[in-house]
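Next come the chains, spelled out residue by residue.
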Amino acid sequence: MTGAVKRGAVLSTSGITMIFGGLTALSDVDFEVGRGSITALIGPNGAGKTTFFNCLTGIYRPSRGTMTFSPEEGREIQLRKLAPDRITYLGIARTFQNIRLFNNLTVLENVLIACHSRMRAGILGALLRDGKTVAEEKAMAEFSYRLLDRYGLAASANHLAKNLPYGAQRRLEIVRALATRPRLLLLDEPAAGLNIAETRELDELIRYIRDEEDLSVLLIEHDMSLVMSVSDRVFVLDYGVLIASGPPDEIRRDPKVVKAYLGED
Amino acid sequence: MTTVQTETAPPPASGSGGPSSGGPGGGVPESPGPDPAGAPEGRGGAAGHLARALAEFRAALLSAAWFSVLALPLVCFRVNAVSGGIDYLWARLPRLAALAFCATLAWRFLLRRLGFSRVRSAVAETAGPPPEGARGPGGSWLTLLDRAPAKRLLLAGAALLLLSVPFWTTPYVVTILITALIYITLGLGLNIVVGVAGLLNLGYAAFFAVGAYTFALLNQNFGMGFWICLPLGALSATLLGLLLGLPILRLSGDYLAIVTLGFAEIIRLVLVNVGFTNGPRGIRNIQPPTLFGADLNGAVKPLLVGHGLVHKDMDLNKVLVYFIILAIVALTVVCVYRLENSRLGRAWLALREDEVACQAMGINRVRTKLAAFALGSTWAGLAGVVFAAQISFINPQSFTFMLSVMVLSIVVLGGMGSIPGVMIGAAVLILLPEYLREYSDYRMLIFGLIMVLMMVFRPQGIIPSTRRVYIYRPEEHGDGGARPSTRNPDALDAGPGGAGQDGQAPAGVPGTAGGPPSPRGAR
Amino acid sequence: MELFLNLCVSGLTKGSIYALIALGYTMVYGIIALINFAHGEIYMIGAFTALIFSMVLGAFGLSGWGLLFASGTLAVVYCAMYGWTLEKVAYKPLRGQSRLAPLISAIGMSIFLQNYVQLVQTPNVLSFPDLIPDIAILAGMRGVASKTQFAILAATAVSMVALTLFIKKTRIGMAMRAVSQDPTMARLSGVNIDKVISTTFIIGSMLAAVGGLLVGNYGRQMDFFIGFLAGMKAFTAAVLGGIGSIPGAVVGALVLGFAESFAAGYVSSDYEDVVAFVLLIAILTLRPDGIMGSATTQKV
């Protein structure tokens, strides 16, 4: 597990600084996600992890710094000035810490919506319902269903998202993110609220996604057992500053990390 | 930013910290949870019932007293505008108290019922619709729950009835039906904006006005006819929607509501004050639409009346307008239905549900909002042209805030996002008052009350919108004409079938099915 | 120059009245994030009850300052009762529902109250008697400002001071501030949210009643419909200043009052209202959080 396969980075940031009013939430974060790796971002509450996600996905615009996304070898995109939908289109998908499904829509519709940027139909297509549009609709419905099927949610395809059990909602959020066909998947505390058995499944799920869907994963997580077991590389944030990075075993022993989590003493 | 939402229902006693303890205000709502007093009722017997009834009686009495005090000065001391003195109308007081008493009893009863039904519906929803379809290998997903034959028959019947109306009714009926149909068009248009995309537009009247004035002005100044002006009116309303939408759609919900309201007021004030619209006096003698230049009332009418086909006072121009607006409504229904079930429509729904998540799905927020806003305006413009053609006289007084509220009530009352709901809503709000003329004084009062009551007791509307169910159609051609069964039929077979019995998401290792196309196909 | 001075005074007067109403909007919004659409109606009811009580009490022989204060107090009390009841009937049962529901309920209540007053009173325009007695000292100022304008400014200033003291010094006032900053946290620390919300509605309605009384004296004419436009303007003022912010509402109201007054004086009184709404759209587009509002970052 040690030493992630160095096939270049799918994402790298340098000097990311985010200032809210007078509060510096992130300062000079240099960060990297290896292509095909599972990278974890950990840190105590309020360390700026979610803020970092929000910068990456265009919800916040960092005060300083550059973010480079490389969907394929040899292709580089600057993310800093892009809108969230554009970033999703380019291939970064995310889940949210407090699940944000489209609650009053069905599970299948949730996934269909995520296919948005891969579909072409516009107003005219919708009104005229020409052959191309119908074919596209059918193809996407089928794609969505199969995706749900693959992740064990097909039986609930016509249920409202809000009626799913909690664990299934978390899973659906991941499936929905996958439907945008990302190159990089950002998971914000995917294990929050899951029990031990579910967390173990999540561990397998994340690996499965990385291997089968051929993408890179970046996750924020508090569950250390999950982080240590699943990730190739771990970054530690504390008060907006990156204090350590390396393979899980190293991080576990790093005195700075221990101090950040346990406090002085 | 955040709404205070007291999820934990307050203890019944703490609710009334106000002037009169024990629960005046008719309202003093019980916590909308299962009523604690409801449980022992089964075995409590007569004593329990009596105590309960006494408590209700006491609450209603208190509420009646409270409302009597509250209403006393306004109801019993009427300012006499003519004499400049006060009329003392004490006789009103007991009637008011009695009304408050009964209303409180009803209100409390309904709120308790609501508490129960919420629990019940929550249970029902968890059960969810039964997993449909997935019955055989091969085939494709159809995106539409086809209309049942009975529903089709009903639709055909309704269409036939509506088409035949002018031939067996009076001109009066045709006139109010035209009004109702105009409001249905408006309701369906606003439904796109408010019901589907969740953008509260309180200035819808402005777009209606623009449609009407476009026709009126073009007709007056350049003699242009209805048929040319119909698309032009729709177009100008759409353009105005785009123009207004661009700067304001960044605003969040409530701000948007108020800006649209302000915008509508601006439009109205401009129409009142600008010279070329003839100000408050409005524009008269707008030409009715023609049918291939035929003189309907002159040449055709005697023929029809002669054969007893139409009422002798029927204005055939009105009949033509009726058919035109009927066609527009039919077209609108088809359009709205198709839009709702398209890529764009789903983006609207996503926008309504959660703006942040919506963007994270790759949906451009501004463009999507703009599309909803502009398309909604289009129908207001269409309806405006027809409105001008129907009454042949318009002035700014027809396009006040009350019109926007009326259309909004139609959408809310009928059921936001629901096409049949909007139609029922328009029928109820436009036709009922027409037939209950003697109560016309109370019309707006009742409207206001209905809006409040609907929000309290049935926020989803008369006919709530339903999500459509995607069903599996076995043995149909697959996507793109490829042979479907060659693509790992086992996977398809096992997938839905196996999971369907379980009901729960299988907890095991993900991806037991290896075959189906990867989510990453060719981009 | 005299025109300019007059416009300033009338702008200040208008602004003061808007401020009194705007405070109700902004306080309610700060606490439960609801545009209390019916607030303008409370103000209209304030004007009506003030008129009615002044006539009834006047018939009993009260006059001068006594009549003004007695009818003013009764109007304030009644509006407080109306505000309290309004919240209990139309908003409280809706807590926890979508944001659209209470707003629509509020519009419904607004329509209801308007038509209620129209039905039980009169659809005609009523004239309002001059309740403010002559003040000898002010006689010399006639050219600049009328006694009514002075009274409005004085009453507004007193109300503002009282409100500030209430919010800063009393327990419930502090609870209100706490709830508007972080409702969840406030509830966890034992603040009775129901009580805070009720109080907010009561205070807002009392201020609106003062506004109603004053505007009756100022404009001398009223009908059941005055609440709509005044409510719209006051809401505009609250938004201009940054909704949820109490000093913002006052600043916004003054800006609006001046803008309208100058538009009426230098352009045309026909476009007075247009100016108000154009200002609203312009400010919201350029600075969506208002003059005094702080940019809020949405939590994700």
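Criteria and thresholds
- Residues numbered from 1 in each chain as written.
- Chains lettered and ligands numbered in written order.
- Predicted model: local features only at pLDDT ≥ 70, side-chain atom pairs only at ≥ 80, totals over all residues.
- Heavy atoms only, no water.
- Helix = DSSP H or I, 4+ residues; strand = E, 2+ residues; numbered from the N terminus.
- Buried < 20%, exposed > 50% of the residue type's maximum accessible area, 1.4 Å probe, protein only.
- Contact = heavy atoms within 4.5 Å.
- Areas by Shrake-Rupley, 256 points an atom, 1.4 Å probe, with all protein chains shown as cover.
- Lys, Arg positive; Asp, Glu negative; His and termini not counted.
- Charge placed at Lys NZ, Arg CZ, Asp CG, Glu CD.
- Domains from an automatic or database assignment.
- Salt bridge = Lys/Arg side-chain N within 4 Å of Asp/Glu carboxyl O.
- Pairing = 2+ DSSP bridges.
- Axes fitted to C-alpha atoms, helices over the stretch in contact; angles between N-to-C directions.
- Parallel < 35°, antiparallel > 145°, perpendicular 65-115°, else oblique.
- Left-handed = near helix turned anticlockwise from the far one by under 90°.
- Nonpolar A, V, L, I, M, F, W, Y, C, P; charged D, E, K, R; others polar.
- Core = buried A, V, L, I, M, F, W, Y, C linked by side-chain atoms within 4.5 Å.
- Buried area = accessible area lost by both parts, 1.4 Å probe.
- Polar contact = N/O pair within 3.5 Å; in protein donor to acceptor, adjacent residues only side chain to side chain.
- Phe/Tyr/Trp six-rings, centres within 6.5 Å; stacked < 30°, edge-to-face > 60°.
- Lys NZ or Arg CZ within 6 Å of the ring centre and 35° of its normal.
- Patch = residues over 30% accessible without salt bridge, like charges linked within 9 Å, V, L, I, M, F, W, Y side chains within 5 Å.
- pLDDT = per-residue confidence, 0-100.

**Quick notes on the overall build of chain C**
In terms of regular secondary structure, chain C is built from 11 helices and 2 strands. Secondary structure elements of chain C occur, N-terminal to C-terminal, as α-α-α-α-β-α-α-α-α-β-α-α-α. Overall size of chain C, expressed as C-alpha extent along the three principal axes, is 60 × 45 × 40 Å. Taken across its 300 residues, chain C has 61% of its residues classed as buried. In chain C, the share of contacts with a sequence separation of at least 24, taken over all contacts with a separation of at least 6, comes to 77%. Accessible surface, chain C: about 11000 Å² in total, of which carbon and sulfur atoms supply 67%. On chain C, the mean spot of the 17 positive side-chain charges and the mean spot of the 13 negative ones are 14 Å from each other.

**A few points about the domain arrangement of chain B**
The domain architecture assigned to chain B consists of domain 1 (20–34 + 44–127) and domain 2 (149–457). Domain 1 of chain B and domain 2 of chain B are separated by 37 Å when their C-alpha centres are compared.

**Section: the pattern of salt bridges**
Any two side chains of opposite charge can pair, given that their charged atoms come close. All names here are of chain A. Counted by the stated rule, this structure contains 31 salt bridges over all chains. A salt bridge links Arg146 to Glu142; its shortest N-O distance comes to 2.8 Å. With Arg146 and Glu142 both in helix 5 (residues 131–150), this residue pair falls 4 residues apart, about one helical turn. In terms of burial, Arg146 and Glu142 fall into one category: buried. Residue Asp249 pairs with Arg252 through a salt bridge whose shortest N-O separation is 3.5 Å. Here Asp249 pairs with Arg252, and both are found in helix 9 (residues 248–253), just 3 residues apart, close to one helical turn. Here Arg252 falls in the partly exposed class, since its relative accessible area comes to 48%.

**As for the sheet that holds strand 6 (residues 92–94) of chain A**
Working definition: the strands of a sheet are paired by backbone hydrogen bonds and lie parallel or antiparallel to each other. Residues and elements named next belong to chain A. With respect to topology, 6 strands assemble into an open sheet ordered 6-7-8-3-9-10, the strand pairing being mixed. Two strands lie at the open edges of the sheet, namely strand 6 and strand 10 (241–246), each paired on one side alone. In this sheet, neighbouring strand axes are inclined to one another by 20° on average, regardless of whether the strands run parallel or antiparallel. With 5 bridges connecting them, strand 9 (residues 233–238) and strand 10 associate as antiparallel partners. Counterpart to Val234 in the pairing with strand 10 is Gly246. Each of strand 3 (38–42), strand 6, strand 7 (184–188), strand 8 (216–220) and strand 9 touches helix 1 (residues 49–56); the most contacted strand, strand 8, lies at about 140° to it.

**Quick notes on the packing of helix 2 (residues 39–59) of chain C against helix 3 (residues 64–91) of chain C**
All names here are of chain C. Contact geometry of helix 2 with helix 3 gives a least axis separation of 8 Å together with a crossing angle of 140°. If you check the angle between helix 2 and helix 3, you find them oblique. Between helix 2 and helix 3 lies a crossing of right-handed hand. Residues Ile42, Ile45, Gly46, Thr49, Ala50, Phe53, Ser54, Leu57 and Gly58 of helix 2 form the contact with helix 3, whose own contacting residues are Leu67, Ala70, Ser71, Leu74, Ala75, Tyr78, Cys79, Tyr82, Gly83 and Leu86. Considering only residue class, the contact of helix 2 with helix 3 consists of 13 nonpolar, 6 polar and no charged.

**As for the nonpolar core**
Trp348 and Ile394 of chain B together with Phe37 and Tyr116 of chain C are the most contacted members of the largest nonpolar core, which has 303 residues in total. With 16 residues, helix 4 (residues 171–196) of chain B is the single largest residue contributor to this core. Beyond its immediate stretch of four places on either side in the chain, Phe37 of chain C contacts Leu202, Ile258, Leu261 and Phe401 of chain B together with Tyr25, Tyr91, Leu103, Ala106, Ile107 and Ser110 of chain C. By size, the runner-up hydrophobic cluster in this structure holds 28 residues, among which are Ile87, Leu184, Ile220 and Phe235 of chain A.

**Description of the interface of chain B and chain C**
Of the residues lining the interface, 76 residues belong to chain B; the matching set on chain C comes to 72 residues. When chain B packs against chain C, close to 6900 Å² is buried across both sides, 75% of that on carbon and sulfur atoms. Where chain B meets chain C, there are 0 salt bridges. Where chain B packs against chain C, one counts 7 residue pairs in polar contact (both at pLDDT 80 or more). Those elements that place two or more of their residues in the side of chain B that touches chain C are helix 1 (41–76), strand 1 (77–79), strand 2 (86–88), helix 2 (92–127), helix 6 (226–248), helix 7 (253–273), helix 13 (401–414) and helix 15 (443–457) of chain B. Among the elements that line the side of chain B that touches chain C, the one with the most residues is helix 7 of chain B, at 12 residues.

**Comments concerning unusual backbone geometry**
Residues and elements named next belong to chain A. A positive phi angle, close to 50°, is found at Asp28, a residue other than glycine. Residue placement: Asp28 occurs in strand 2 (residues 23–34). One non-glycine residue with positive phi stands out, namely Glu189, at about 50°.

**Quick word on the environment of Ala103 of chain B**
Residue and element names in this part refer to chain B. Its location among the elements puts Ala103 in helix 2. With relative accessibility at 42%, the residue Ala103 sits in the partly exposed group. Ala103 sits 207 residues away from Val310 along the chain, and the two C-alpha atoms are 47 Å apart.

**Overview of the side chain of Ser342 of chain B**
Residue and element names in this part refer to chain B. Tracing the backbone through its elements, the reader meets Ser342 in the loop between helix 9 (316–340) and helix 10 (343–353). When its relative accessible area of 5% is taken as the criterion, Ser342 is described as buried. From its side chain, Ser342 meets the backbone oxygen of Leu339 in a polar contact 2.7 Å long.

**Focus on the packing of aromatic side chains**
Applying the stated rule across the entire model yields 32 aromatic pairs over all chains. Between Phe401 of chain B and Phe37 of chain C, the ring centres sit 5.9 Å apart and the planes meet at 10°, which makes this aromatic pair stacked. Of the two residues, Phe401 of chain B sits in helix 13 while Phe37 of chain C sits in the loop between helix 1 (2–32) and helix 2, which places them in two different chains. Of the two residues, Phe401 of chain B and Phe37 of chain C, both sit in the buried class. By the ring-pair criterion, three or more aromatic residues cluster together here, those being Phe401 of chain B together with Phe37, Phe224, Phe225 and Phe228 of chain C. A cation sits over an aromatic face here: Arg118 of chain A above Phe143 of chain A, 4.2 Å from the ring centre.

**Things to note about the sheet that holds strand 5 (residues 77–78) of chain A**
Residues and elements named next belong to chain A. Taken together, the 4 strands give an open sheet; going across it, the order is 2-1-4-5, and neighbouring strands pair in antiparallel fashion. This sheet does not close on itself; its edge strands, each paired only once, are strand 2 and strand 5. Where strand 1 (residues 9–20) lies against strand 2, 8 bridges are found, and the strand directions are antiparallel. In the strand pairing of strand 2, Thr13 is matched with Phe31.

**A closer look at a nonpolar patch on the surface**
Residue and element names in this part refer to chain B. Together, Ile228, Leu232, Leu235, Leu239 and Leu242 give the surface a local cluster of nonpolar side chains, amounting to about 410 Å² of exposed area. On the secondary structure map, Leu232 appears in helix 6. Judged by relative accessible area, which is 31%, Leu232 ranks as partly exposed.

**As for the confidence of the model for chain C**
Residues and elements named next belong to chain C. Per-chain confidence: chain C averages 86 in pLDDT, with 94% of residues scoring 70 or above. The weakest mean pLDDT in chain C belongs to helix 11 (residues 272–286) at 82; the strongest belongs to helix 3 at 93. Two numbers describe this predicted complex: its pTM, 0.81, and its ipTM, 0.91.

**Focus: the packing of helix 6 of chain B against helix 7 of chain B**
All names here are of chain B. Across the interface, helix 6 lies against helix 7 with an axial gap of 11 Å and an inter-helix angle of 140°. When the interaxial angle is binned, helix 6 and helix 7 end up oblique. The two elements helix 6 and helix 7 meet at a crossing, and its hand is right-handed. Within the contact between the two elements, helix 6 uses Leu240, Leu244 and Ile248 and helix 7 uses Leu256, Val259, Thr260, Phe263 and Ile267. In the contact of helix 6 with helix 7, the residues fall into 7 nonpolar, 1 polar and no charged.

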